[in-house]
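Residue-level structure breakdown
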Amino acid sequence: MHNDMGLQVLIRMKKRTGWIIGKVAYCLTCVLLFHVIVWLGIFLFSIIENDSLSSSKEIYSAVLGLNMAYLPSQSYFYFSLTALPMIMSLFLTVSQMILSLILKPVWAYLFIVVYVIASVYFRVPFLIADYTMILRNQCVMFQGIDSAWGLFTLLTLVIIEIVMGIFIFQKKDLLKKEEEEVYGNKC
């Protein structure tokens, strides 16, 4: 059976909270590593092309085709380009992990995909994938989305998800499910 190893780890840990925190730490590590590799690739490409990572508003306006007139500061723009997508990735990863405790992993994945797609088409407060869309940010549009508020919202939601995940996982009966898979439902 493919779940024997995971079940043995859970039994030996003796505390379910440690397991769920470990899974969140694993998600955080994967997200950070992914984003570091992407930004390292961009940095290396700029070195190879003898280009500097210039912070000129004119360059970003020309390359991205954006109106940078509302840009409060360069650091705010970089924050919107780097930190928010990383925190959003963490939110979506932890969401999928927590949903997979309730649903089958495939359904959890499909739910996250539909959620992100819906965020593209509808501008509703609970569809928070807007925070990672640079075209909807206040850097480039008047009355756009505030990145600082996005950071606060995403971090708060990640913490709420972790607490909910711990609560859900504490109540989940793992051995009963395992027995049903092995012996069938012969009660």
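You'll find the structure just up there.
Note that the structure is predicted; figures quoted are calculated from it, not measured.

What counts and what doesn't
- Residues numbered from 1 in each chain as written.
- Predicted model: local features only at pLDDT ≥ 70, side-chain atom pairs only at ≥ 80, totals over all residues.
- Heavy atoms only, no water.
- Helix = DSSP H or I, 4+ residues; strand = E, 2+ residues; numbered from the N terminus.
- Buried < 20%, exposed > 50% of the residue type's maximum accessible area, 1.4 Å probe, protein only.
- Contact = heavy atoms within 4.5 Å.
- Areas by Shrake-Rupley, 256 points an atom, 1.4 Å probe, with all protein chains shown as cover.
- Core = buried A, V, L, I, M, F, W, Y, C linked by side-chain atoms within 4.5 Å.
- Phe/Tyr/Trp six-rings, centres within 6.5 Å; stacked < 30°, edge-to-face > 60°.
- Patch = residues over 30% accessible without salt bridge, like charges linked within 9 Å, V, L, I, M, F, W, Y side chains within 5 Å.
- Salt bridge = Lys/Arg side-chain N within 4 Å of Asp/Glu carboxyl O.
- Expected span 1.5 Å × (residues − 1).
- Axes fitted to C-alpha atoms, helices over the stretch in contact; angles between N-to-C directions.
- Parallel < 35°, antiparallel > 145°, perpendicular 65-115°, else oblique.
- Left-handed = near helix turned anticlockwise from the far one by under 90°.
- Nonpolar A, V, L, I, M, F, W, Y, C, P; charged D, E, K, R; others polar.

1. Here we look at the overall build of the chain
- A tally of regular secondary structure across the chain gives seven helices and zero strands.
- In the chain, the succession of α and β elements from N to C terminus is α-α-α-α-α-α-α.
- Per-residue burial over the chain gives 31% buried out of 187 residues.
- The contacts in the chain between residues at least 6 apart in sequence include a share of 62% that link residues at least 24 apart.
- With an accessible surface of roughly 12400 Å², the chain has 70% of that area assigned to carbon and sulfur atoms.

2. Considering the side chain of Ser-95
- You can see Ser-95 is positioned in helix H4 (residues 74–102).
- Here Ser-95 falls in the buried class, since its relative accessible area comes to 8%.
- Ser-95 has contacts with Ile-112 and Glu-161, leaving out every residue within four places of it along the chain.

3. Remarks on the nonpolar core
- Counting residues in each nonpolar core, the largest one holds 29 residues, and the members touching the most others are Ile-20, Met-88, Phe-91, Val-94, Met-97, Ile-128 and Leu-154.
- Of all elements in the fold, only helix H2 (16–48), H4, helix H5 (105–121) and helix H6 (147–171) reach the threshold of two or more residues within this core.
- For this core, the leading source of residues is H4, giving eleven residues.

4. Topic: the packing of aromatic side chains
- With the rule as written, the count across this model stands at one aromatic pair.
- Judged by centre distance (4.5 Å) and plane angle (15°), the ring pair of Trp-19 and Phe-169 falls under stacked. In this pair, Trp-19 is assigned in helix H2 and Phe-169 in helix H6, connecting sequence segments 150 residues apart.

5. A word on the side chain of Ser-119
- Tracing the sequence through the fold places Ser-119 in helix H5.
- Ser-119 has contacts with Leu-127, Ile-128, Ala-129, Asp-130, Met-133 and Arg-136, leaving out every residue within four places of it along the chain.

6. Points about a nonpolar patch on the surface
- A cluster of nonpolar side chains, Ile-102, Leu-103, Val-106, Trp-107, Tyr-109 and Leu-110, forms an exposed patch at the surface whose accessible area comes to about 640 Å².
- Considering every element that reaches the nonpolar patch, the biggest residue donor is H5, with four residues.
- Looking at the element boundaries, Tyr-109 is found in helix H5.

7. Remarks on H2
- The end-to-end C-alpha distance of H2, which contains 33 residues, comes to 48 Å, matching closely the 48 Å that a straight helix rising 1.5 Å per residue would cover.
- What H2 keeps buried is the set Trp-19, Ile-20, Val-24, Cys-27, Val-31, His-35 and Ser-46.

8. Observations concerning the packing of H2 against H6
- In contact at an axis separation of 9 Å, H2 and H6 are set at 140° when each is read in the N-to-C sense. Here H6 runs oblique to H2, going by the angle between their axes. Considering only the axes of H2 and H6, their crossing is right-handed. For the pair H2 and H6, contact is made by Arg-16, Thr-17, Trp-19, Ile-20, Ile-21 and Val-24 and by Ile-162, Gly-165, Ile-166, Phe-169 and Gln-170, respectively.
- For the contact of H2 with H6, the class distribution of residues is seven nonpolar, three polar and one charged.

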